[in-house]
Amino acid sequence: MEEHGAEALSGHEDGSKETRVSAHGSHVPSSEVLEAIENVILDVLKSLAKKKAPVLTLANRSDWRNIEFKDSVGLQMIPHSSTKQIRSDCPATAPKFAMMLKILSMIYKMVQSNSYATKRDIYYSDKLLFGSQRVVDNLINEISCMLQIPRRSLHILSTTRGFVAGNLSYTEEDGTKVNCTCGATAVTVPSNVQGIKKKDATFQRLLDDEFCIKLAPCIMITGRGIPDLNTRLLVRKLWDTLQIPIFTLMDADPHGVEIMCIYKYGSVSMSFEAHQLTVPCIKWLGLLPSDIKRLNIRKDVLIPFTKQDQNKLASLQKRPYIACQPVWKKELEIMAASKMKAEIQVLTSLSSDYLSRVYLPNKLQFCGWI
């Protein structure tokens with residue numbers, strides 16, 4: 001669980017209290033990655049041989065018209081989506097063309113040598129060319145989509161923001177054994193899930209209250225806001241491997257709801273990897289907008305909507321997945337009518353340990369999720 005989109009992954013199976021999973025996972029074979037890059041370069045060389053300007057053809061990842069929604073998968077890119085061309089002879093796109101070839105060259109060398117680099121390593125390899133880390137992050141996603149190869153198979157690692165704690169142990173690809181048994185501290189989500197400092201206040205409070213020990217067996221994960229790829233991969237891998245129920249706990253505001261939807265249904269920009277990232281079984285545990293009235297939360301601890309909040313909520317209400325979730329839709333309508341948002345910490349206005357002592361145990365015992 002986490003504020004702003006945390007998950008409580010609770011296994012209520014009989015038997016061993018500790019769940020053991022391997023952190024090893026399937027990869028696209030190196031030979032296929034190399035071949036895919038070689039095909040791109042071969043097309044460039046063919047164009048040059050014909051004295052034509054080389055181009056790279058990319059799918060329009062951010063265009064909702066290229067996205068379809070399936071309840072069992074989430075947001076996924078349609079097979080024949082519209083494309084855009086990155087031309088080498090156009091002043092507007094030539095820099096992007098050069099940067100993509102640079103990154104493809106780096107990926108090729110890493111796959112050949114079985115070495116890895118972080119996105120930050122790639123940025124610092126040529127700061128003048130790339131300009132910013134955000135540019136590199138976007139280019140890597142574009143390349144992953146263009147090659148139709150998951151980023152983790154391109155030997156590019158992400159810096160992990162997430163933390164995990166609870167009844168879980170796993171083995172890293174290099175043989176390192178990691179024990180996430182709950183205590184006052186949490187373990188960083190592994191950077192290579194498939195090969196398997198400020199903490200959020202709510203997550204840390206649950207650790208301090210020994211919540212996952214009291215509720216054992218239980219696993220808690222925080223993505224610390226919008227989840228990075230590694231955190232999403234870990235949640236998906238635990239679901240695939242263990243088939244345990246997964247619940248989200250986040251602030252009762254549009255931003256928190258959107259984060260929950262990223263875990264459950266995915267995002268437009270990563271829709272080409274929906275089958276590996278989304279967890280359609282996720283349930284909304286709290287904080288529900290309806291809980292605010294039900295628990296008689298004082299108005300003075302609530303936060304008025306900003307214009308940005310109103311725009312975000314209006315956008316969410318138009319999303320295709322909300323239409324198939326009538327109970328969620330009603331909760332969003334309650335939020336819209338009140339024009340107020342609530343952080344999970346408002347529960348401390350009832351008592352300092354209300355979240356771990358009353359709210360979550362009752363929600364889980366009496367099926368208070370939607």
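Residues numbered from 1 in each chain as written. Predicted model: local features only at pLDDT ≥ 70, side-chain atom pairs only at ≥ 80, totals over all residues. Heavy atoms only, no water.

A.B. asks: What's the story with helix H15 (residues 354-365) in this structure? I'm lost.
C.D. replies: Every α-helix carries 3.6 residues per turn, so stepping three or four residues along brings you back to the same face. In this model, H15 (12 residues) spans 15 Å end to end at C-alpha, consistent with the 16 Å of a helix rising 1.5 Å per residue. Along H15, the positions that sit buried rather than exposed are Tyr354, Leu355, Ser356, Val358, Tyr359, Leu360, Lys363 and Leu364. The first or second residue beyond H15 is Cys367, which carries a positive phi of 55°. (Helix = DSSP H or I, 4+ residues; strand = E, 2+ residues; numbered from the N terminus. Expected span 1.5 Å × (residues − 1). Buried < 20%, exposed > 50% of the residue type's maximum accessible area, 1.4 Å probe, protein only.)

A.B. asks: Could you clarify how one ought to interpret the side chain of Asn60 in this entry?
C.D. replies: Following the sequence through the fold, Asn60 ends up in the loop between strand S3 (55-59) and strand S4 (67-70). Other than its neighbours up to four places away in sequence, Asn60 contacts Asn66, Met77, Ser82, Thr83 and Lys84. (Contact = heavy atoms within 4.5 Å.)

A.B. asks: Hey, could you run me through the pattern of salt bridges in this one?
C.D. replies: Between side chains of opposite charge, pairing is possible as soon as their charged atoms come close. The tally for this structure, following the rule as stated, stands at 14 salt bridges. Asp291 is the salt-bridge partner of Lys363, the closest N and O atoms lying 3.0 Å from each other. A residue pair is termed long-range when its members are at least 10 positions apart, and Lys363 in helix H15 and Asp291 in helix H11 (residues 289-294) qualify at 72 residues. Each of the two residues, Lys363 as well as Asp291, counts as buried. Among the salt bridges present, the one from Asp353 reaches Arg357, with a minimum N-O distance of 3.1 Å. For Asp353, a relative accessible area of 25% corresponds to the partly exposed category. Here the residues in one salt-bridge network are Arg61, Lys84, Lys96 and Glu142, joined through shared partners. (Salt bridge = Lys/Arg side-chain N within 4 Å of Asp/Glu carboxyl O.)

A.B. asks: How should the packing of aromatic side chains be read in this particular structure?
C.D. replies: Any aromatic ring pair is given by two values, namely how distant the centres are and how the planes are angled relative to each other. Applying the stated criterion across every chain yields a total of seven aromatic pairs. Taken together, a centroid distance of 5.3 Å and an interplanar angle of 75° make the contact between Phe69 and Tyr265 edge-to-face. Residue Phe69 is classed as partly exposed on the basis of its relative accessible area of 22%. Since its relative accessible area comes to 1%, Tyr265 is described here as buried. Ring geometry for Phe247 and Trp369: centres 4.6 Å apart, planes at 45°, overall tilted. Residue Phe247 is located in strand S14 (residues 246-249), and its partner Trp369 is located in the segment after H15; the two are separated by 122 residues in the primary sequence. What makes Phe247 buried here is its relative accessible area of 4%. In textbook terms, an aromatic cluster arises when at least three aromatic residues are bridged by ring pairs, as seen for Phe69, Tyr265, Trp284, Tyr321 and Trp328. (Phe/Tyr/Trp six-rings, centres within 6.5 Å; stacked < 30°, edge-to-face > 60°.)

Interpretation in functional terms is not warranted from these geometric data alone.
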